[in-house]
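Descriptive analysis of the structure
Below, each chain spelled out in residue letters.
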Amino acid sequence: MYPKDMKYTETHEYAKIEGGKATCGITAYAAEQLGDIVFVELPAVGAAVTAGKPFGVVESVKAVSDCYAPVSGKVVKVNDKLNDDPVVVNSDPHGAGWMIVIEMSNPGEADKLMGVDAYEKHAAAGGGHH
Amino acid sequence: MDDLANLKKTPNYDMHVKYGGKVVDFGGWALSVQFAGILEEHRTVREKVGLFDVSHMGEATVKGPGALAFLQKMVSRDLSTMHDTQVYYTHLLYPTGGAVDDLMVTKLGDEDYYLVINASNTDKDVAWMKQYVGEFPGVELKNISADTAELALQGPLAEKTLQKLTSAKLSDLKYYHVIPQAKVAGIDTMISRTGYTGEDGFEIMCAPKDANNLWEAIMQAGQEFGIKPIGLGARDTLRFEAAMPLYGQEMDENTGPIEAGLQRFVSPEKPGYIGREATLKKVDEGVAKKLVGFEMVDRGVPRHNYKVKKNGKEIGYVTTGSYAPTLDKNVGMAYVPPTETAIGNEFDIEIRGRDLKARVVKLPFYKRKK
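Residues numbered from 1 in each chain as written. Chains lettered and ligands numbered in written order. Predicted model: local features only at pLDDT ≥ 70, side-chain atom pairs only at ≥ 80, totals over all residues. Heavy atoms only, no water.

1. A look at the pairing of strand S8 (residues 112-117) of chain B
Residue and element names in this part refer to chain B.
- Extensive coverage of S8 is indicated by the burial of five of its six residues.
- By the bridge criterion, six bridges tie strand S5 (residues 58-63) to S8 in an arrangement that is antiparallel. The partner of Val-62 across the bridge, within S8, is Tyr-113.
- Of the pairings in the sheet, the one linking strand S7 (residues 99-109) to S8 comprises six bridges and is antiparallel in character. Bridge assignment links Leu-103 to a residue of S8, and that residue is Ile-117.
- Between S7 and the antiparallel strand that follows it, S8, lie two residues. (Buried < 20%, exposed > 50% of the residue type's maximum accessible area, 1.4 Å probe, protein only. Helix = DSSP H or I, 4+ residues; strand = E, 2+ residues; numbered from the N terminus. Pairing = 2+ DSSP bridges.)

Put into structure tokens, the structure is as follows:
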């Protein structure tokens, strides 16, 4: 159900790590829990983000929810398309619904994230936060 | 989810399960916040037809000689002008002019009235009215909420859907009127042409034991029109676009219908009703705060209780705010000083520590084409 080539947080974000950069978004589980997403607030290119700290906000019709950075670093790309079409986060969370690309300042942090098997169990168990 | 076992269940609870509702705790009731998804359900009601379980709403009857006199004391609107089968929207007020609740009163006969009150206020309202009913010998006030199931069928194709199930001529049923006794799919009901969505539609009362059969009959009849079950999420966005007030947000014990812009439903001069002096004072001298509609100019979604600010100073609060699906805009209703209510006036909404610009617009946000 969740892409195998991604790493996951307990708070239901993913990071796809490719050569020092991490493409990040929220997981299908988080998107499903939130329902129809109507607003996404993302940092500007160049902003610094810290692993475990909020980097943005997603809002569904009923709920407001922080998104937490899976890894630390500098934001080098932002998916501006979500401003006009936030519902893509529901329809394709792990693909076109990506949110930011982080240039990692401490690539070792990625090792602390969950693999797909651990995340699947975490989500199936109700997933705690988000 | 394990907490759901302790919640009150409506007579249609099995339908929530069968139709895949996402059941939540709604003021102690197990009800679906959504079925297919809030946006899709919202569109379904605006364009086609949707079915709601609203059995959590409270119902009460007021019967006997003196029923009218009793209700004239309890509510702020003059009910003496009602004719049989007519429905009025009105308010129970405190002596301060704040609202105990808003409600629908149906006149079934000179000594026979039917009230629909808010779910979360049912016990409070009945206790409030019981304090006064003794002053009117012969009047019997009865809480019949537990013996009443209520479904709402709303949307431009609601009449076509319901007409398939009843011989009652629905095209003759005017808005804010009822057919007190009608068979729908062979079930005894009362049909009321009212709703909480801004669309045409019906609210249908029946005995709890018949509620699931009625639900299934309506779902089947509406299939060719694209009917869908609708949850509480879309119920809120639909009523919000139509600027219909929600008790606890647009009104509360300190905030009455005059502040909320509902004066057309109030008869301030009517003698003897509770809250008269305070209401007259508000009408004559003005109110400290007034409800306005606004749309966001900057990017952001306003929410209940966010601060309204002007030049950094707090001047009011958001009562309801949301993405409005039909408008595709982020809009809200807010209480602000009367000096800030002109259409086009700008103020800020504080969203996550930032003051974001908003502009006053006309209410309602959405009005259906007749």
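Next comes the rest of the write-up.
2. Observations concerning the nonpolar core
- Phe52(B), Tyr89(B) and Met251(B) are the most contacted members of the largest nonpolar core, which has 41 residues in total.
- For this core, the secondary-structure elements that each account for two or more residues are strand S4 (37-41) of chain A together with helix H2 (38-47), strand S6 (87-93), S7, S8, helix H7 (232-241), strand S17 (313-324) and strand S18 (329-336) of chain B.
- Summarising the domain contributions, this core has at least three residues from each of domain 1 (2-55 + 148-241) and domain 2 (58-145) of chain B.
- Those residues in contact with Met251(B) that lie beyond four places of it in its chain are Tyr89(B), His91(B), Ala99(B), Asp102(B), Pro245(B), Leu246(B), Gly256(B), Pro257(B), Ala260(B) and Leu262(B). (Core = buried A, V, L, I, M, F, W, Y, C linked by side-chain atoms within 4.5 Å. Domains from an automatic or database assignment. Contact = heavy atoms within 4.5 Å.)

3. With respect to the packing of helix H3 (residues 67-74) of chain B against helix H4 (residues 122-133) of chain B
Residues and elements named next belong to chain B.
- Across the interface, H3 lies against H4 with an axial gap of 11 Å and an inter-helix angle of 120 degrees. The angle between H3 and H4 places the two elements in the oblique class. As H3 packs across H4, the resulting crossing turns out to be right-handed. Side by side, H3 and H4 meet where Phe-70, Lys-73 and Met-74 of the first sit next to Trp-128, Met-129, Tyr-132 and Val-133 of the second.
- Here the contact of H3 with H4 is built from residues that sort into six nonpolar, no polar and one charged. (Axes fitted to C-alpha atoms, helices over the stretch in contact; angles between N-to-C directions. Parallel < 35°, antiparallel > 145°, perpendicular 65-115°, else oblique. Left-handed = near helix turned anticlockwise from the far one by under 90°. Nonpolar A, V, L, I, M, F, W, Y, C, P; charged D, E, K, R; others polar.)

4. Details of the pattern of salt bridges
- Scanning the model with the defined rule gives 29 salt bridges over all chains in all.
- Between Glu59(A) and Arg352(B) there is a salt bridge; the shortest N-O distance is 3.0 Å. In this pair, Glu59(A) is assigned in strand S6 (residues 54-60) and Arg352(B) in the loop between strand S19 (346-351) and strand S20 (354-361), connecting two distinct chains.
- On the basis of relative accessibility, which here comes to 0%, the residue Glu59(A) falls in the buried class.
- According to the relative accessible area criterion, Arg352(B) is partly exposed, its value standing at 33%.
- Note that Lys282(B) and Glu259(B) form a salt bridge whose closest N and O atoms lie 2.7 Å from each other. Residue Lys282(B) is located in helix H8 (residues 276-285), and its partner Glu259(B) is located in the loop between H7 and H8; the two are separated by 23 residues in the primary sequence. Residue Lys282(B) shares its accessibility class with Glu259(B), and that shared class is buried.
- By sharing partners, the salt bridges in this structure join Glu41(A), Glu59(A), Arg303(B), Arg352(B) and Arg354(B) into a single network. (Salt bridge = Lys/Arg side-chain N within 4 Å of Asp/Glu carboxyl O.)

5. Some details on the packing of H2(B) against H7(B)
Residues and elements named next belong to chain B.
- Two elements in contact, H2 and H7, have axes whose closest approach is 8 Å; the angle formed by their N-to-C orientations is 50 degrees. The orientation of H2 relative to H7 falls into the category oblique. Between H2 and H7 lies a crossing whose hand is right-handed. The residues of H7 that touch H2, namely those facing Ile-38, Glu-41, His-42, Val-45 and Arg-46, are Gly-233, Ala-234, Thr-237, Leu-238 and Glu-241.
- Taken together, the residues of the contact of H2 with H7 sort by class into four nonpolar, three polar and three charged.

6. Digging into H4(B)
- For H4(B), which comprises 12 residues, the first-to-last C-alpha distance of 16 Å matches the rise-based estimate of 16 Å (1.5 Å per residue) to within 8%.
- Tucked into the core, H4(B) has its buried residues touching S5, H3, S6, S7, S8 and strand S9 (140-143) of chain B. (Expected span 1.5 Å × (residues − 1).)

Purely spatial values, then, with no claim about function.
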